[in-house]
Amino acid sequence: MNIKQIRYFAAVVEYGSLSAAAKSQHITVQAISKSIADLESEVGCDLFVRNNQGMKPTSFATALHDQAVPVLARFSELEIFAARFKRSGDTLDCLRLALNTPPFLGNEVVRENTAALVQARVGVETTMALATGGEGLAGLKARTFDVLITVGAFVHADVECRPLGTVPSAVIMGKGHPLADKSELTLVDVAPYPVALSSWFDAANDSIISKYRAKKTNLTFVALELSDIWEHFKQGGVIFTTGIPALEKMHGMTAVRPLAPQDNVTVPICAVYLKERSAAVEALLMDLFTVGLSYFGF
C-alpha cells in the first residue's frame, strides 16, 4: 500500500461515499474506486460493505483507519515542512517583472527602460513583460513573473502589494485634439469626449479610472481594445493616464495634458508579488523599495 491509497481510503471512511470522497480529493469516482479495489486486493479482504446508504467500513477497515489517521497527519506535516524549506531557499537569479496595465502607446520603451534601470540597481538580469488583465495574477502563481508593477493598488489574499510612490493623473489624446491646445484640463473640459475604459483592470485595481468613476462624474466611459486606439483618437476620444511627462515623448502623434489640481487624483505605483515568495523578492528589492519611484525620475 502507498500513502495515496491510504489517503483515498480514509476519505471514503470519513465521507461515507465514493462520490463525496472523490470530490474531497479532487479526483474522479473511477480513480478512487480503483484505488480502493487495489488496496482490498493487497490486504486480502473487503474494506467496505456497499449498500444504498453508501460505503460502510468493515471492522478491519475501522481499525485500519484508526491507524491511518496519525500516519496521514504526520505525512501532511512532512509535506508542509518540505514546501516551507523549499520556499526559504527560494532565490531570484533573474528578475521577471510584468507591467500589469492595459496596453498603451510606447509601452515597449517603458518596459525596456524600466528593466534596464532595475537591473542596474539590483544587479541581476531583469526583464519586463506586459501582462494585461488576469494574466498578471496567473503569471505570478505560475511563476512566469516574479513581480507585477501595477498602476493602482492590487488587492488579493495571495499577494503583497507594496507602494513605490504615487503619480498624478493626466489625459492622453491625439495631437490634433481640441484639448491639446490647453496647458491643463478640468473634468468639465473632458466631459464632452468618450473616455477609454478597460473593464477588468479597473475593477481589480484602485486605478485612475476607478477613482474617477467613484466620483460619479458626468464622464462617458467606453470599452476599448488596443487595436482600436487610433480610431478612438480620431473620434475625439481620450484616455486617462499617469502624469509622467516622458509619455508624451514616446509617440509624436499624441499629446498628454495634466488635470487641474481640483480635479486631479493620485494613484500608487505598486510592486505586487506572492506572499509565499516575500522573502526572496524583498531580499532582492529592499533597496529599490527604499528608493521608490524617485530612482526612475517620476
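Residues numbered from 1 in each chain as written. Predicted model: local features only at pLDDT ≥ 70, side-chain atom pairs only at ≥ 80, totals over all residues. Heavy atoms only, no water.

**Quick word on the overall build of the protein chain**
Part 1: Within the protein chain, the regular secondary structure consists of twelve helices and 13 strands.
Part 2: Sequence-distant contacts in the protein chain: of pairs separated by 6 or more residues, those separated by 24 or more amount to 74%.
Part 3: Per element, the accessible surface of the protein chain, about 15700 Å² overall, is 55% carbon and sulfur. (Helix = DSSP H or I, 4+ residues; strand = E, 2+ residues; numbered from the N terminus. Contact = heavy atoms within 4.5 Å. Areas by Shrake-Rupley, 256 points an atom, 1.4 Å probe, with all protein chains shown as cover.)

**Some remarks on the nonpolar core**
Part 1: Of all hydrophobic cores here, the largest spans 43 residues; its most connected members are Leu95, Val147, Val190, Phe240 and Leu285.
Part 2: When residues are assigned to domains, this core turns out to be shared by domain 2 (95–164 + 268–290) and domain 3 (165–266), each giving three or more.
Part 3: Of all hydrophobic cores here, the second largest spans 16 residues; its members include Tyr8, Val12, Ile32 and Ile36. (Core = buried A, V, L, I, M, F, W, Y, C linked by side-chain atoms within 4.5 Å. Buried < 20%, exposed > 50% of the residue type's maximum accessible area, 1.4 Å probe, protein only. Domains from an automatic or database assignment.)

**A closer look at the pattern of salt bridges**
Part 1: Throughout the structure, instances matching the rule amount to seven salt bridges.
Part 2: With a shortest N-O distance of 3.5 Å, Arg50 and Glu40 are connected by a salt bridge. A residue pair is termed long-range when its members are at least 10 positions apart, and Arg50 in strand E1 (residues 48–51) and Glu40 in helix H3 (residues 29–43) qualify at ten residues.
Part 3: Exposure remark for Arg50: the relative accessible area of 48% places this residue in the partly exposed category.
Part 4: One salt bridge in this structure joins Asp146 and Arg96, with 2.9 Å as the shortest N-O distance. Of this pair, Asp146 sits in the loop between helix H6 (135–141) and strand E5 (147–151) while Arg96 sits in strand E3 (residues 94–100); the two residues are 50 residues apart in sequence, bridging distant segments of the chain.
Part 5: Linked by salt bridges that have partners in common, Arg96, Asp146 and Arg277 make up one network. (Salt bridge = Lys/Arg side-chain N within 4 Å of Asp/Glu carboxyl O.)

**Section: helix H5 (residues 107–122)**
Part 1: With 16 residues, H5 should reach 22 Å at 1.5 Å per residue; the first-to-last C-alpha distance of 22 Å fits that figure.
Part 2: Residues of H5 that are buried include every one of Asn107, Val110, Arg111, Thr114, Ala115, Val118 and Val122, and no others. Mapping the buried residues of H5 onto a view down its axis gives an arc of 125 degrees, with all of them on the same face. Summarising the geometry of H5, the exposed residues directed more than 90 degrees from the buried face are Glu112 and Ala120.
Part 3: Where H5 terminates, the next one or two residues include Gly123, which has phi positive at roughly 80 degrees. (Expected span 1.5 Å × (residues − 1). Arc of directions from axis to C-beta.)

**Here's the deal with the packing of helix H1 (residues 3–15) against H3**
Angle between the axes and distance between the axes are the two parameters that describe a pair of packed helices.
Part 1: Axis separation between H1 and H3 bottoms out at 9 Å; the angle between their running directions is 110 degrees. Accordingly, the angle class assigned to the pair H1 and H3 is roughly perpendicular. Residues Gln5, Tyr8, Phe9 and Val12 of H1 form the contact with H3, whose own contacting residues are Ile32, Ser35, Ile36, Asp38, Leu39 and Glu42.
Part 2: When the residues that make up the contact of H1 with H3 are grouped by side-chain class, the tally is six nonpolar, two polar and two charged. (Axes fitted to C-alpha atoms, helices over the stretch in contact; angles between N-to-C directions. Parallel < 35°, antiparallel > 145°, perpendicular 65-115°, else oblique. Nonpolar A, V, L, I, M, F, W, Y, C, P; charged D, E, K, R; others polar.)

**Some points on H3**
Part 1: If you check H3, its first and last C-alpha atoms are 21 Å apart, about what 15 residues at 1.5 Å a residue would give, namely 21 Å.
Part 2: Taken residue by residue, H3 has Ile32, Ser35, Ile36, Leu39 and Glu40 as its buried positions. The buried residues of H3 occupy one face: seen down the axis, they fall within an arc of 135 degrees. Opposite the packed face of H3, turned more than 90 degrees from it, sit the exposed residues Gln30, Lys34 and Ser41.
Part 3: Along its buried surface, H3 packs onto H1, helix H2 (18–25) and E1.
Part 4: Gly44 lies just past H3 and shows a positive phi near 80 degrees.

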